[in-house]
Every structure is written in structure tokens, then in C-alpha cells.
Amino acid sequence: MLKAFNNWKVVLLSIIGATTFWFFNALNKDYDARISYPIEFQFDRDSVVIMQPLPTTLSIDVSSGGWNLLRKTFWFNVTPIQIVLENPTEIGFYTRNSLMPIVSDQLDELKINYLATDTIYINIERKRQKKVALFIDSLSIDLAENHRITSPITFVPDSVIVVGPQSFYDTLATSHQMRIESRGISSNFNREIDVKINGGRLTSSIPDQVRIQFQVDKFERRSIQIPIEKENFPEDSSVVLSTDFVQIFYTIQQSKEEDYSTRDFAVTADLSMLDRSDSTVLAILVYQPEEAMDIDVIPEHIKVTHARK
């Protein structure tokens, strides 16, 4: 049993030795190979916006010894080819001919046969910023049924600095509409809202959130019957109205709701304003409580008739 184990040990050591000899012998030979080599662009990134991801590798056909190829392709500390962009917003691409001197200079341990990569494209724009005022369309705010906004809408802050590429800056307005995603708002609103700029990931705002505040209250629809005050009607009552009352419908803020009486409203009908085409006069609302809104007088036109003797 021990003899068999020793025999296997000898065989294994022989295989390892032969493999090692072959490997080192192979690395001493010259080879042609196409390698994907990392590249890195050097420029001031704080003042520009990269519109599209920059290429990260070049495909290069090279000739060299096995050791050099192993070191340039498989080792973890490979130094990328440095491409310096002095005016990154002015350069749109690099051709094979313009890349060749850069690659040859930095990979001097390899023989560069040719670049398999034909052209690399660069899309970089100058970074610009603009102060933009914020606003919101109150009609776009989704309120609960019978609820209304009862105060000015305020922003803290009321403007932001929008940062983005030159092409977006050229289309940027001086104001930006905010949107509230909440639905069925039924109470006072006081929240931080994200500033969403149409430019997407290439744009940002400072700050990226603002606080929006406004007050909300519920409104009720009410009605009250009011007597009509007659003006310029004959004292003998020979001319009369078809009704002596009108119904007034009004809307009132729930938190300010009061029990109104007939003394709080006044409606007149002036015979001198008779519309002879249909024998009606207009019911005119003379005064009403300041808090009452959306007032409707029913009927608005009142028939005038002659009283029977």
C-alpha cells in the first residue's frame, strides 16, 4: 500500500515538473496576440459633463515575448494608457492614426502591429449652472373632495441652482414648475419635495429638495331663503313679482362656518330694469357675508305680472 502511494507521488511530481518546464519554456517564446488594453482619460472632470460613457479599452494587435504579454494582460497592476484631454469639450473623437503614437509611446515594451480599434468617440460638454425660480400650478394639486387651498403656496427656498451640460442650459427656462405627487390632500401641507429636472441623470439641482407649504380646509355648500326687496314698484301693488323670495346658494369654509340669517343677505328687484321682451326683472344681490363664496341666486330672473283687480 505504501509502495503504491509512493509511485503515485512520483508520477504527480513528474507531471508538475513537466508542466512547469513547458510553461516557462513557452513564456520565453515570441507571440502575436490581440489584447484588450485599458485606457484612461485625464482631464478636469469638475468643470464638464460626460454625456456618454467614455471607452475603457483599446483592441491592440501586438508582438512580444510571453512574459511581457502575461504581464501586460493578466497581472492586476496593469497601468492604463493615459490619454490627456486638454480641451475635452472640443474633441469629438480620436482616430486610429492619432491614437497610434500615444499607444506606442506608453507600451514601448510591446511591438504594436496595428490598432484593431478604428475610432473612439468622446462626448463631453461644458458644465453650466443657472438660478431658477420655483412655482406650482395650484390646479395641478390633487385635493380631497370639497377641499380648497386657503393660503399662498410657499417654497423654502423659492429658487434652486440647476447644474447641467451646455446643451441643456441653452434650453433651460428661468422658472421651473414643481409637482406634488400626493393625492386627496385634506389637511395643511408641509413637506420636503424632490426637485425633478427634465435633464435626467446629467442634471442636478442645489438643493435637490425644497419645502412646500400651504393650508387646506373643507368647504360646505349651503342655502338660505331671502325675501326680495322691491324698488320702483307702484304702491298700489298693481304690479307684482311671481315670487317674493329667492334661494341663495353659497359656499363657506368649514372652519369659518356661521349660521347666517336673512339679515346677512339682501336681494333687490328694480322695476325700472324691466326686460320687456320677457317681462322679467333681475334679482340683484346687494350684499352678503364676506366669507360666503360661489353665490348663486335662484331664480335669477323673476317674472313680473299685473295684479288682478
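Please read all numbers here as calculations on a predicted model, not as lab measurements.

S.K.: Explain the layout of surface pockets to me, please; I cannot follow it from the model alone.
M.R.: If a probe as big as a water molecule is rolled over the atoms, it shows which places are left empty. Quantified by volume, the largest pocket comes out at close to 310 Å³. Contributing to the lining of the largest pocket are 16 residues, with His176, Gln177, Lys196, Ile197 and Asn198 lying nearest its centre. Listing elements by their share of the lining of the largest pocket, those giving two or more residues are strand 12 (175-177) and strand 13 (189-194). Partitioning the lining of the largest pocket into residue classes produces 7 nonpolar, 5 polar and 4 charged.

S.K.: I'm lost on the sheet that holds strand 15 (residues 209-214) in this one. Help?
M.R.: Hydrogen bonding along the main chain pairs the strands of a sheet, whether they run parallel or antiparallel. Reading across the sheet, the 3 strands line up as 10-15-13 and stay open at both edges, with antiparallel pairing between neighbours. At either end of the open sheet lies a strand with only one pairing partner, and these are strand 10 (154-156) and strand 13. Recorded for the sheet is a direction-independent mean angle of 25 degrees between the axes of neighbouring strands. Across 3 bridges, strand 10 lies against strand 15 in antiparallel orientation. Its bridge partner lying in strand 15, Phe155 is registered against Ile212.

S.K.: Would you explain the environment of His147 in this entry?
M.R.: Within the secondary structure layout, His147 lies in strand 9 (residues 147-149). For the pair His147 and Gly184, spaced 37 residues apart in the sequence, the C-alpha separation amounts to 9.0 Å. A distance of 2.8 Å separates a polar atom in the side chain of His147 from the backbone oxygen of Glu145.

S.K.: Mind showing me how you'd approach the pattern of salt bridges here?
M.R.: Pairs can form between side chains of opposite charge whenever their charged atoms are close. Under the defined criterion, the tally for this structure stands at 6 salt bridges. Taking the shortest distance from any N to any O, the salt bridge between Asp118 and Arg96 comes out at 3.4 Å. One end of the pair, Asp118, is in the loop between strand 6 (111-115) and strand 7 (119-121); the other, Arg96, is in helix 3 (residues 96-106), and 22 residues separate them in sequence. A relative accessible area of 32% means that Arg96 is categorised as partly exposed. Between Arg211 and Glu192 there is a salt bridge whose closest N-O contact spans 3.3 Å. In this pair, Arg211 sits in strand 15 while Glu192 sits in strand 13, placing the two residues 19 residues apart along the sequence. What makes Arg211 partly exposed here is its relative accessible area of 27%.

What counts, and where the lines are drawn
Residues numbered from 1 in each chain as written. Predicted model: local features only at pLDDT ≥ 70, side-chain atom pairs only at ≥ 80, totals over all residues. Heavy atoms only, no water. 1 Å grid on protein atoms, 1.4 Å probe; cavity = no way out; pocket = protein on both sides within 12 Å on 5 of 7 lines; lining within 4 Å. Points joined across faces, edges and corners; volume = space filled by probe spheres on them. Helix = DSSP H or I, 4+ residues; strand = E, 2+ residues; numbered from the N terminus. Nonpolar A, V, L, I, M, F, W, Y, C, P; charged D, E, K, R; others polar. Pairing = 2+ DSSP bridges. Axes fitted to C-alpha atoms, helices over the stretch in contact; angles between N-to-C directions. Polar contact = N/O pair within 3.5 Å; in protein donor to acceptor, adjacent residues only side chain to side chain. Salt bridge = Lys/Arg side-chain N within 4 Å of Asp/Glu carboxyl O. Buried < 20%, exposed > 50% of the residue type's maximum accessible area, 1.4 Å probe, protein only.

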